[in-house]
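Notes for the structure review
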Amino acid sequence: MINSHPHSHKKSEPPTEPISKEEALYLALSKIPKGKVITYGDLATLAGRPGAARWAGTMLKRLPKDTTLPWHRVINSHGTLSLREYTHRIELQRARLQEEGILFKGDKIPLSIYRW
DNA sequence: TGAAGGGCCGGTC
DNA sequence: CGACCGGCCCTTC
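This write-up is about the structure you can find in this document.

1. Considerations on the protein's contact with DNA strand B
Near DNA strand B lie 14 residues; those nearest to it are Tyr40, Arg54, Lys61, Ser77 and Ser82. Considering DNA strand B, the proportion of its atoms within 4 Å of the protein that are sugar or phosphate atoms stands at 46%. Between a base nitrogen of DNA strand B and a side-chain N or O atom of Tyr40, the distance comes to 2.6 Å. Within the side chain of Arg54, an N or O atom sits 2.3 Å from a base nitrogen of DNA strand B. At the level of secondary structure, the elements contributing two or more residues to the surface near DNA strand B comprise α2 (40–46) and α3 (53–62). Counting residues per element, the surface near DNA strand B draws most heavily on α3, which supplies 5 residues.

Dropping the structure here:
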């Protein structure tokens, strides 16, 4: 079996395979404690992409509807929810957050208290 | 190839 | 507070 991999001259990978940015985001997301929230910007930074808040939002939007990841704990830097009003989705987010003990002050969540 | 538009953000007024 | 702006980064025509 000589030379069975003619293209195997690719550089060997480091022992600990670096996870992709997407995986880093999912990982960070999974760590947000119940009763806490994080902003899109902070989530992006944790995923290794400072300044890519919009990207974080895009990724969250693509999560399967039945994901177990706590997508509802991600809010914008104003402390409000970014989903479209009057949709099932935003109602679900609000309900889940309240279930976790978060108290809204009007339409916003005090980041000084609940920010992770 | 490029322009438009998103689950955004920080500064400024 | 609210509105606007420039910047950010990616996806979708």
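2. Remarks on the packing of aromatic side chains
Tallying each qualifying case throughout the model produces 0 aromatic pairs. The ring of Trp55 has Arg49 sitting right over it, with the charged end atom 4.5 Å from the ring centre.

3. Some remarks on the environment of Lys61
Here Lys61 lies in helix α3. Spatially, the C-alpha atom of Lys61 lies 13 Å from that of Leu29, the residues being 32 residues apart in sequence.

4. A closer look at the protein's contact with DNA strand C
By nearness alone, every residue bordering DNA strand C is listed as Arg49, Gly51, Ala52, Arg54, Trp55 and Arg62. Of what DNA strand C places within 4 Å of the protein, 87% of the atoms are sugar or phosphate. A distance of 2.2 Å separates a phosphate oxygen of DNA strand C from a polar side-chain atom of Arg49. Take Arg62: an N or O atom from its side chain is 3.1 Å from a sugar or linking oxygen of DNA strand C. Of the residues contributing to the surface near DNA strand C, the split by class is 2 nonpolar, 1 polar and 3 charged.

Parameters at a glance
Residues numbered from 1 in each chain as written. Chains lettered and ligands numbered in written order. Predicted model: local features only at pLDDT ≥ 70, side-chain atom pairs only at ≥ 80, totals over all residues. Heavy atoms only, no water. Near = heavy atom within 4 Å. Polar contact = N/O pair within 3.5 Å; in protein donor to acceptor, adjacent residues only side chain to side chain. Helix = DSSP H or I, 4+ residues; strand = E, 2+ residues; numbered from the N terminus. Phe/Tyr/Trp six-rings, centres within 6.5 Å; stacked < 30°, edge-to-face > 60°. Lys NZ or Arg CZ within 6 Å of the ring centre and 35° of its normal. Nonpolar A, V, L, I, M, F, W, Y, C, P; charged D, E, K, R; others polar.

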